[in-house]
Amino acid sequence: MVAIAKPRLATAGARRVATPPKVAADLYHAPEYRAWREAVIVRAGRRCEAIEGGKRCWKREPHNRMFADHKVEIRDGGSRFDLDNGQCLCGGHHTAKTAQERAKRRTG
Ligand SMILES: [Zn+2]
């Protein structure tokens, strides 16, 4: 008989992901949020708005998933449904921005 190792890494990895605060979870289900998100993405032409090395990211829907990002995060006092506080980002740029914000918060 061959012993099959249980995938212990899966649960260990999942635990490292921070649970979002309840306020954020409620926000993402609000109809206003859905409308805001759609407006941000439509305004951007459904294309990532991140600029890297002077060039705008080429990723766009429907080939890439887009995220409506709060430029100033809500927990930092940013407006929830103000279009001016929104930008359309691809998955990669959204993740990078979130990590950046987290690092900023750590260092103060
Ligand atoms: Zn991008």
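Look up a bit, the structure's there.
Residues numbered from 1 in each chain as written. Predicted model: local features only at pLDDT ≥ 70, side-chain atom pairs only at ≥ 80, totals over all residues. Heavy atoms only, no water.

**Q** Is there a simple way to think about helix H3 (residues 31-43) in this case?
**A** Residue pairs spaced three or four apart in an α-helix point in one direction, given the helix's 3.6 residues per turn. The end-to-end C-alpha distance of H3 is 18 Å, a good match for the 18 Å that 13 residues give at a rise of 1.5 Å each. Buried within H3 are the following residues: Tyr33, Trp36, Val40 and Ile41. The arc that holds the buried residues of H3, viewed along the axis, is 130°, so those residues lie on one side. Along H3, the residues that are exposed and aim more than 90 degrees away from the buried face are Pro31 and Arg34. In the segment just after H3, glycine 45 is the residue with positive phi, at about 70°. (Helix = DSSP H or I, 4+ residues; strand = E, 2+ residues; numbered from the N terminus. Expected span 1.5 Å × (residues − 1). Buried < 20%, exposed > 50% of the residue type's maximum accessible area, 1.4 Å probe, protein only. Arc of directions from axis to C-beta.)

**Q** Before we go on, may I ask you to explain the coordination of the zinc ion in this structure?
**A** Note on metal sites: the ideal angle is 109.5 degrees for four tetrahedral donors, and 90 or 180 degrees for six octahedral donors. At the metal site, the zinc ion is ligated by Cys48 (SG), Cys57 (SG), Cys90 (SG) and His93 (ND1), and these contacts range over 2.0 to 2.4 Å. Sequence spacing of the donors to the zinc ion: C-x8-C-x32-C-x2-H. Here cysteine 90 lies in strand S4 (residues 86-90) and cysteine 48 lies in the loop between H3 and strand S1 (51-52), a separation of 42 residues in the sequence. The buried category is assigned to cysteine 48, whose relative accessible area is 0%. (Donors = N, O, S within 2.8 Å, 3.2 Å for Na, K, Ca; no water.)

**Q** Before we go on, may I ask you to explain the environment of alanine 44 in this structure?
**A** Structurally, alanine 44 is set in the loop between H3 and S1. On the accessibility criterion, alanine 44 (7% relative accessible area) is buried. In sequence terms alanine 44 and alanine 68 are 24 residues apart; their C-alpha atoms lie 9.9 Å from each other. If we skip the residues at most four places from it in the chain, alanine 44 touches Glu49, Arg56 and Cys88. (Contact = heavy atoms within 4.5 Å.)

**Q** Honestly, the packing of aromatic side chains in this entry has me stumped. Any pointers?
**A** Each pair of aromatic rings is reported with the distance of its centres and the angle of its planes. Overall, the coordinates contain 2 aromatic pairs when judged by the stated rule. Here the aromatic rings of tyrosine 28 and tyrosine 33 are separated by 4.8 Å at their centres, their planes lie at 70°, and the arrangement is edge-to-face. For tyrosine 33, a relative accessible area of 9% translates into the label buried. Between the aromatic rings of tyrosine 33 and tryptophan 36, the centroid separation amounts to 5.7 Å while the plane-to-plane angle is 35°, which identifies the pairing as tilted. Of the two residues, tyrosine 33 and tryptophan 36 are both situated in helix H3; the distance of 3 residues between them amounts to about one turn of the helix. For the residue pair tyrosine 33 and tryptophan 36, the accessibility class agrees, reading buried in each case. Within the aromatic cluster, the residues linked to one another by ring pairs are Tyr28, Tyr33 and Trp36. (Phe/Tyr/Trp six-rings, centres within 6.5 Å; stacked < 30°, edge-to-face > 60°.)

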